[in-house]
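Spelled out, the chains give:
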Amino acid sequence: GAVVSQHPSWVICKSGTSVKIECRSLDFQATTMFWYRQFPKQSLMLMATSNEGSKATYEQGVEKDKFLINHASLTLSTLTVTSAHPEDSSFYICSALGGTGNEQYFGPGTRLTVT
Amino acid sequence: DQQVKQNSPSLSVQEGRISILNCDYTNSMFDYFLWYKKYPAEGPTFLISISSIKDKNEDGRFTVFLNKSAKHLSLHIVPSQPGDSAVYFCAASVQGGSEKLVFGKGTKLTVNP
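Rules behind the numbers
- Residues numbered from 1 in each chain as written.
- Chains lettered and ligands numbered in written order.
- Predicted model: local features only at pLDDT ≥ 70, side-chain atom pairs only at ≥ 80, totals over all residues.
- Heavy atoms only, no water.
- Contact = heavy atoms within 4.5 Å.
- Buried area = accessible area lost by both parts, 1.4 Å probe.
- Salt bridge = Lys/Arg side-chain N within 4 Å of Asp/Glu carboxyl O.
- Polar contact = N/O pair within 3.5 Å; in protein donor to acceptor, adjacent residues only side chain to side chain.
- Helix = DSSP H or I, 4+ residues; strand = E, 2+ residues; numbered from the N terminus.
- Phe/Tyr/Trp six-rings, centres within 6.5 Å; stacked < 30°, edge-to-face > 60°.
- Buried < 20%, exposed > 50% of the residue type's maximum accessible area, 1.4 Å probe, protein only.
- Pairing = 2+ DSSP bridges.
- Disulfide = S-S within 2.5 Å.
- Axes fitted to C-alpha atoms, helices over the stretch in contact; angles between N-to-C directions.

Q: What exactly am I supposed to notice about the interface of chain A and chain B here?
A: By a widespread convention, an interface's size corresponds to the accessible area lost as its parts come together. At the interface, 18 residues of chain A touch 20 residues of chain B. Taken over both partners, the interface formed by chain A and chain B buries close to 1,400 Å², and the fraction arising from carbon and sulfur atoms is 57%. Three residues stand out in chain A for area buried against chain B, namely Leu44(A), Glu103(A) and Phe106(A), and they jointly supply 31% of the buried area on that side. Of the charged contacts in the structure, one is a salt bridge between Glu59(A) and Lys100(B), with a shortest N-O distance of 2.6 Å. At the surface where chain A touches chain B, the tally comes to five residue pairs in polar contact (both at pLDDT 80 or more). Elements with a contribution of two residues or more to the side of chain A that touches chain B: β4 (32–38), β5 (44–51), β9 (90–98) and β10 (103–106) of chain A.

Q: For this particular structure, what's the right way to read the packing of aromatic side chains?
A: The relative placement of two aromatic rings is captured by the distance of their centres and the angle of their planes. Tallied over the entire structure, the rule returns 13 aromatic pairs over all chains. With centroids separated by 5.0 Å and ring planes inclined at 80°, the aromatic side chains of Phe106(A) and Tyr36(B) adopt a geometry described as edge-to-face. On the criterion of chain membership, the pair formed by Phe106(A) in strand β10 and Tyr36(B) in strand β4 (residues 32–38) is interchain, its members lying in two chains. Taking the relative accessible area as the measure of exposure, Phe106(A) reaches 9% and is therefore buried. Of the residues examined, Tyr36(B) reaches a relative accessible area of 0% and is grouped as buried. Geometrically, the ring pair formed by Phe30(B) and Phe33(B) is edge-to-face, given 6.5 Å between the ring centres and 80° between the ring planes. We classify Phe30(B) as buried; its relative accessible area is 7%.

Q: What should I look at first to understand the pairing of strand β8 (residues 76–81) of chain A in this one?
A: Side-chain direction in a regular strand flips from residue to residue, so the side chains alternate between the two faces of the sheet. Residues and elements named next belong to chain A. Of all six residues making up β8, six are buried, and the element is well covered by its neighbours. Neither face of β8 is exposed, since Leu76, Thr78 and Thr80 on one face and Ser77, Leu79 and Val81 on the opposite face are all buried. Note: strand β3 (residues 19–25) against β8, six bridges, orientation antiparallel. Paired with Lys20 across the two strands is Thr80, which belongs to β8. With five bridges joining them, strand β7 (residues 67–73) and β8 adopt antiparallel strand pairing.

Q: Help me out: how do you make sense of the pattern of salt bridges in this one?
A: Pairing of side chains with opposite charge becomes possible as their charged atoms draw close. By the definition in use, this model includes five salt bridges over all chains. One salt bridge in this structure joins Arg24(A) and Glu22(A), with 3.5 Å as the shortest N-O distance. Between Glu58(B) and Lys56(B) there is a salt bridge; the shortest N-O distance is 4.0 Å. For Glu58(B), a relative accessible area of 52% gives the class exposed.

Q: What's the story with the state of the cysteines in this structure? I'm lost.
A: Put plainly, a disulfide is one covalent bond tying together the sulfur atoms of two cysteines. A complete count under the given rule lists two disulfides over all chains for this structure. Disulfide pairing is shown between Cys23(A) and Cys94(A); the S-S distance is 2.0 Å. Judged by the sign of its S-S torsion, about 80°, the bond between Cys23(A) and Cys94(A) is right-handed. Note that Cys23(A) is positioned in strand β3 and Cys94(A) in strand β9, a separation of 71 residues in sequence. The pair Cys23(A) / Cys94(A) is uniform in exposure class, with both members buried. Two residues share a disulfide in this structure: Cys23(B) and Cys90(B), whose sulfurs sit 2.0 Å from each other. Across the disulfide from Cys23(B) to Cys90(B), rotation about the S-S bond amounts to roughly -70°, and the bridge is consequently left-handed.

Q: Would you take a moment to explain the side chain of Ser50(A) for this structure?
A: Residues and elements named next belong to chain A. Along the chain, the position of Ser50 falls in strand β5. Judged by relative accessible area, which is 1%, Ser50 ranks as buried. There is a polar contact of 3.3 Å between the side chain of Ser50 and the side chain of Ser77.

Q: Is there a simple way to think about the sheet that holds β8(A) in this case?
A: Note: strands within a sheet are paired through backbone hydrogen bonds, in either parallel or antiparallel orientation. Residue and element names in this part refer to chain A. Taken in spatial order, the four strands make up an open sheet running β1-β3-β8-β7, and their pairing is antiparallel. Two strands in the sheet have a free side with no partner beyond their single neighbour: β1 (4–7) and β7. Neighbour-to-neighbour, the strand axes of this sheet turn through a mean angle of 15°, independent of strand direction.

What follows is the structure in structure tokens.
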């Protein structure tokens, strides 16, 4: 149990375009999901906390107009990188809070490359 | 300011021996600590956690020790297996694991056959 999926697993897009990443909790409901970003050989950095039915809470330094988060249901949160630039290239990972132990369960991540 | 520090970027041990991964933290408000295992291009997999009210938690081959006074925790893997080779992240949270996690930079463990 407690499986989280992400789609797509990797995406290449051109500079200036927008990309949407989906995060789904497959076998449990998650009122809270988190979005992290990891640069090569760095730790995972929290970008925002997504609560179902309300606005996301962004960490300091994260542009909320650039990284749009929608948590429309208890099993789905989406992250849209708008007007992507090469510096947005990174590994984006979501986690969902829930399951049996109130732990965070992580998705497999999405590799975004902006050319 | 790195609130969670893993000062060893890598560790190499022989199969069957003990692996000890260390983690230090600076924020005294952290009350919940977790270890995750991560393979390249994959999301972290939860291994084991410990609440600040405990000083030890054991799950099979994995044991986490917490020294609150030193703001230090460690993960022991005994016996180490080649399949344990991965990057291990220490993470900390306030108000249990339901709040945001602050991660260390990770330690790459290599277990040699």
